[in-house]
Amino acid sequence: MRDLVEIGMGRTARRTYELDDIDIVPSRRTRSSKEVSTAWQLDAYRFDIPVLAHPTDALVSPSFAIELGKRGGLGVINGEGLWGRHADVDAKLAELVHLAETDEDPDAPIARLQELHAAPIQPHLLAAAVAQVRDSGVTTAVRVSPQNARALTPELVKAGIDLLVIHGTIISAEHVAHGESEPLNLKTFISELDVPVIAGGVSDHRTALHLMRTGAAGVIVGYGSTEGATTTGEVLGIGVHMATAIADAAAARRDYLDETGGRYVHVIADGDITTSGDLAKAIACGADAAVLGAPLAVAAEAPGGGWYWPSAAAHPSVPRGAMLPVAFGDRPSLDTVLTGPSADPYGSLNLVGGLRRSMAKSGYSDLKEFQKVGLTVRA
């Protein structure tokens, strides 16, 4: 039964929980972390670690997508970002970082980011970015918004993507846009594609179930919230308590599995995951994998130069993100961020290593088993 509280006469609200509100409870047995697998598979594509990179230019360049792919993760290029609009993206990123570091106006970097995103998308540039990743042999994924899915997807499929990510702050099974003769019906849209689709974000059981019924191979839960960088709560008043949202989506996955007689849709957590402990708790709540932004942006291979901003920061009229400094001085390698070794006692490095150790301490050997681990709520 839902835990409802009265917030005023005749008005109730559901009590929900953040990842920080819960803890993992180990079972009666433990095992060696060498016996733990963090692998998962989405459609025909297998990944050694349950990590996707947030589709922002601050993090995912073609070269970063390749490096993360070689380490078993998935880098998602922003199909509406700078790599499809400008030929000199590295110079544009350096300009943004310089503004963030030197301009007295704190809004100047976002204003410039909006200007850069106002340039038209050039399909040949986007195709070149896709080709660079694809030619490396790693799985190639690109993100588009629901508003631009119709226009961009044919070019992306032609360029050779493996996975399409239809991603917005809030997404539904049917997107209605002003001026379109017909709304974007995801079920019809996905059925006509030859590539698997990951769609999101959602925050509740009902919407997750609706998206699963469209034929999506994966559903993203959350909107990539990162304290200090993502401002969706301040701008839209919309928030997602990730522990509850993931558990709700996992329940929708079970319902859909029964409804279809065995079709499994992956739940991908996207928000408030900054440490290895957060990653472990997201999996424990029912996620198959997680989207990481700022935690990966500290890596030396990330193109943001120690700065991070979410893809929603570039919205032309309602930006929902700020430029956040995430690293100073010497930045750790991507290997250190993912698998250590780490000297940080708070879990910001060796993210996958921390997850493996949590699974081992709890006695579970793979991700699906770990979703059954016991949980407690902090008082």
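Predicted model, so just to flag it, every value in this text is computed and none were measured.

Cut-offs applied
Residues numbered from 1 in each chain as written. Predicted model: local features only at pLDDT ≥ 70, side-chain atom pairs only at ≥ 80, totals over all residues. Heavy atoms only, no water. Helix = DSSP H or I, 4+ residues; strand = E, 2+ residues; numbered from the N terminus. Rg over C-alpha atoms; globule rule 2.2 N^0.38 Å. Buried < 20%, exposed > 50% of the residue type's maximum accessible area, 1.4 Å probe, protein only. Contact = heavy atoms within 4.5 Å. Areas by Shrake-Rupley, 256 points an atom, 1.4 Å probe, with all protein chains shown as cover. Lys, Arg positive; Asp, Glu negative; His and termini not counted. Charge placed at Lys NZ, Arg CZ, Asp CG, Glu CD. Arc of directions from axis to C-beta. Polar contact = N/O pair within 3.5 Å; in protein donor to acceptor, adjacent residues only side chain to side chain. Phe/Tyr/Trp six-rings, centres within 6.5 Å; stacked < 30°, edge-to-face > 60°. Lys NZ or Arg CZ within 6 Å of the ring centre and 35° of its normal. Pairing = 2+ DSSP bridges.

J.: Which residues make up the overall build of the protein chain, and what values go with them?
T.: What the protein chain contains, in helices and strands, is 14 helices and 18 strands. For the protein chain, whose C-alpha radius of gyration is 20 Å, the value lies close to the compact-globule estimate of 21 Å for 379 residues. Expressed as lengths along the three principal axes of its C-alpha atoms, the size of the protein chain is roughly 55 × 50 × 50 Å. Taking all 379 residues of the protein chain together, 53% fall into the buried category. Sequence separation of 24 or more characterises 68% of the internal contacts of the protein chain that already satisfy a separation of 6 or more. Just so you have it, the protein chain exposes about 16800 Å², and 49% of that area is on carbon and sulfur atoms. Averaging the coordinates of the 33 positive side-chain charges in the protein chain and doing the same for the 46 negative ones gives two points 8 Å apart.

J.: Lay out unusual backbone geometry with the relevant residues and their values.
T.: A cis amide bond links Gly200 with the next residue in sequence, Gly201, at an omega value of 10°. Checked against the element boundaries, Gly201 lands in strand β12 (residues 197–202). With phi around 60°, Asp43 is a residue other than glycine that occupies positive phi space. As for its placement among the helices and strands, Asp43 is situated in the loop between β4 (40–42) and β5 (45–47). Its identity is not glycine, yet Asp272 carries a phi of approximately 60°, on the positive side. In this structure, Asp272 sits in the loop between β14 (266–271) and α10 (276–285). Looking at Asp272, the relative accessible area reads 27%, which means it is partly exposed.

J.: Got a sec to walk through helix α7 (residues 205–212)? Specific residues and values, please.
T.: The α-helix advances 3.6 residues per turn, and as a result positions three or four apart in sequence lie on the same side. Of the positions making up α7, those classed as buried are Ala208, Leu209, Leu211 and Met212. Taken down its axis, α7 places every buried residue within 160° of arc, on the same side. Measuring from the side-chain oxygen of the N-cap residue of α7 to the backbone nitrogen of Arg206 gives 3.1 Å; that N-cap residue is Asp204.

J.: Residues and numbers for the environment of Ser342, please.
T.: By the element assignment, Ser342 lies in the loop between α12 (334–339) and α13 (351–362). Residue Ser342 is classed as partly exposed on the basis of its relative accessible area of 31%. Distance from Ser342 to Gly353, taken between C-alpha atoms, is 9.5 Å for residues eleven residues apart in sequence. Setting aside its immediate chain neighbours within four residues, Ser342 contacts Leu349 and Asn350. At a separation of 3.0 Å, a polar atom in the side chain of Ser342 contacts the main-chain amide nitrogen of Asp344.

J.: Which residues make up the packing of aromatic side chains, and what are the values?
T.: With the rule as written, the count across this model stands at two aromatic pairs. Above the plane of the ring of Tyr264 lies Lys368, whose end atom (NZ or CZ) is 4.6 Å from the centre.

J.: Which residues make up the pairing of strand β1 (residues 4–8), and what are the values?
T.: Of all five residues that make up β1, zero are buried, and the element is exposed over most of its length. Relative to strand β2 (residues 11–14), β1 is paired through four bridges, and the arrangement is antiparallel. Its bridge partner lying in β2, Leu4 is registered against Arg14. Once β1 ends, the chain turns through two residues before running back antiparallel as β2, passing Gly10 with a positive phi of about 75°.

J.: Give a detailed account of helix α5 (residues 149–159), specifying residues and quantitative values.
T.: Listing the buried residues of α5 in full gives Ala149, Leu152, Thr153, Leu156 and Ala159. Down the axis of α5, the smallest arc covering the buried residues is 125°, so these residues share one side. The exposed residues of α5 that point more than 90 degrees off its buried face are Ala151, Pro154 and Lys158. On its buried face, α5 is in contact with α4 (123–135), β8 (141–144), β9 (163–167), β11 (184–185) and α6 (186–191). At the C-terminal side of α5, Gly160 shows a positive phi close to 105°.

J.: So what's going on with the environment of Val202? Which residues, and what values?
T.: Among the structural elements, Val202 can be located in strand β12. Overall, the relative accessible area of 3% leaves Val202 in the buried class. C-alpha separation for the pair Val202 and Gly222, spaced 20 residues apart in sequence, amounts to 5.7 Å.

From the geometry alone we can't say anything about function, so treat these as descriptive.
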